[in-house]
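Spelled out from the first residue to the last, the chains are:
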Amino acid sequence: MRTTHITKPHEVERKWFVVDAADQNLGRLSSQIAHILRGKHKPTFSPSVDTGDYVIVINVDKVKVTGRKMDQKTYIRYSGHIGGKKETKLKDMMKNKPEFVLSHAVKGMLPKNNLGRKMFSKFHVYAGSEHNHQAQKPEVLALNTKK
């Protein structure tokens, strides 16, 4: 009788990937990145083990959104004080902190537990086209984003 193979943490082999986010849709890009961070693209995927790879995303400041999301989508934070609610539109967030926009989207697609936080730590975002992970020899990953 065959049994299902459960991947153990020390058996996981990780790769480094570089993704160019220029002219790609935010939602589709973030879901594909979350898929890779989680490890679902590997045949050794196990939901209780972090089997994902490292992902470096460059040119996040050139990511696109469809429709009127630039004016309508808001990011809300709350200071804890009365009247401490602050709202920021996506347009302003892309000017000030473009890395936050993609990392916020990807983080929302990962599990909300210790394993999800461990997966998110393998995610590196850069607004420009330069990154400081050349020593890891990352492979260029062309995600198939359809329009």
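Everything discussed here concerns the structure shown above.
Numbering of residues starts from 1 in each chain and follows the order in which that chain's sequence is written. Totals for whole chains, interfaces and linings use every residue, but because this is a predicted model, local features are given only for residues with pLDDT of at least 70 and side-chain atom pairs only at 80 or more, for both listing and counting. Only hydrogens and water are set aside when side-chain values are computed; all heavy atoms of the structure are taken into account.

**With respect to unusual backbone geometry**
Here the phi dihedral of Asp23 falls at roughly 60 degrees; this positive angle occurs in a residue that is not glycine. Where helices and strands are cited, they refer to DSSP runs of H or I of at least four residues and of E of at least two residues respectively, numbered from the N terminus. With respect to the element layout, Asp23 can be found in the loop between strand S1 (16–20) and helix H1 (26–38). Phi is positive for Asn59, close to 60 degrees, though the residue is something other than glycine. With a 1.4 Å probe rolled over the protein chains alone, any residue whose accessible area is under 20% of its type maximum counts as buried; one over 50% counts as exposed, and the rest are partly exposed. A residue is classified by how much of its surface remains accessible, and Asn59, at 9% relative accessible area, is buried.

**Observations regarding the nonpolar core**
Only buried Ala, Val, Leu, Ile, Met, Phe, Trp, Tyr and Cys residues count toward a nonpolar core, and they belong to the same one when joined by side-chain atoms within 4.5 Å. Counting residues in hydrophobic clusters, the biggest one holds 26 residues, and the most contacted among them are Leu29, Ile33, Val55, Val57, Leu102, Val106 and Phe123. Counting residues per element, the ones that place at least two in this core are S1, H1, strand S2 (54–58), helix H3 (90–96), helix H4 (98–108), helix H5 (114–120) and strand S5 (123–125). Looking at this core, the element that brings in the most residues is H1, giving six residues.

**Focus on the pattern of salt bridges**
Any Lys or Arg side-chain nitrogen located within 4 Å of an Asp or Glu carboxyl oxygen qualifies as a salt bridge. Tallied over the entire structure, the rule returns five salt bridges. For Lys85, the salt bridge goes to Glu87, with nearest N and O atoms at 3.5 Å. Each member of the pair, Lys85 as well as Glu87, is classed as exposed. Linked by salt bridges that have partners in common, Arg14, Asp50 and Lys122 make up one network.

**With respect to H1**
With 13 residues, H1 extends 18 Å from end C-alpha to end C-alpha; this agrees with the ideal 18 Å at 1.5 Å per step. Along H1, the residues that are buried comprise Leu26, Leu29, Ser30, Gln32, Ile33, Ala34, Ile36 and Leu37. Every residue pair with non-hydrogen atoms within 4.5 Å of one another is taken to be in contact. Contacts made by the buried residues of H1 are with S1, S2, H4, H5 and S5. Here the expected span of a helix is defined as 1.5 Å times the quantity of residues minus one.

**Considerations on the packing of aromatic side chains**
Two aromatic rings, drawn from Phe, Tyr or Trp (for Trp, its six-membered ring), form a pair once their centres lie within 6.5 Å of each other, and the interplanar angle then sorts them: stacked below 30 degrees, edge-to-face above 60, tilted otherwise. All told, the structure shown has three aromatic pairs when counted by the stated rule. Centroid distance Trp16 to Tyr54: 4.2 Å. Interplanar angle 5 degrees. Geometry classified as stacked. Here Tyr54 lies in strand S2 and Trp16 lies in strand S1, a separation of 38 residues in the sequence. In this structure Trp16 comes out as buried when scored by relative accessible area, which is 17%. Assessed through its relative accessible area of 24%, Tyr54 is described here as partly exposed. Between the NZ or CZ atom of Lys73 and the centre of the ring of Tyr75, over which it lies, the distance is 5.1 Å. One residue, Lys97, lies across the ring of Phe100, its end atom 5.5 Å from the ring centre. Look at NZ for Lys and CZ for Arg. If either is within 6 Å of the ring centre and within 35 degrees of the ring normal, a charge sits over the ring.

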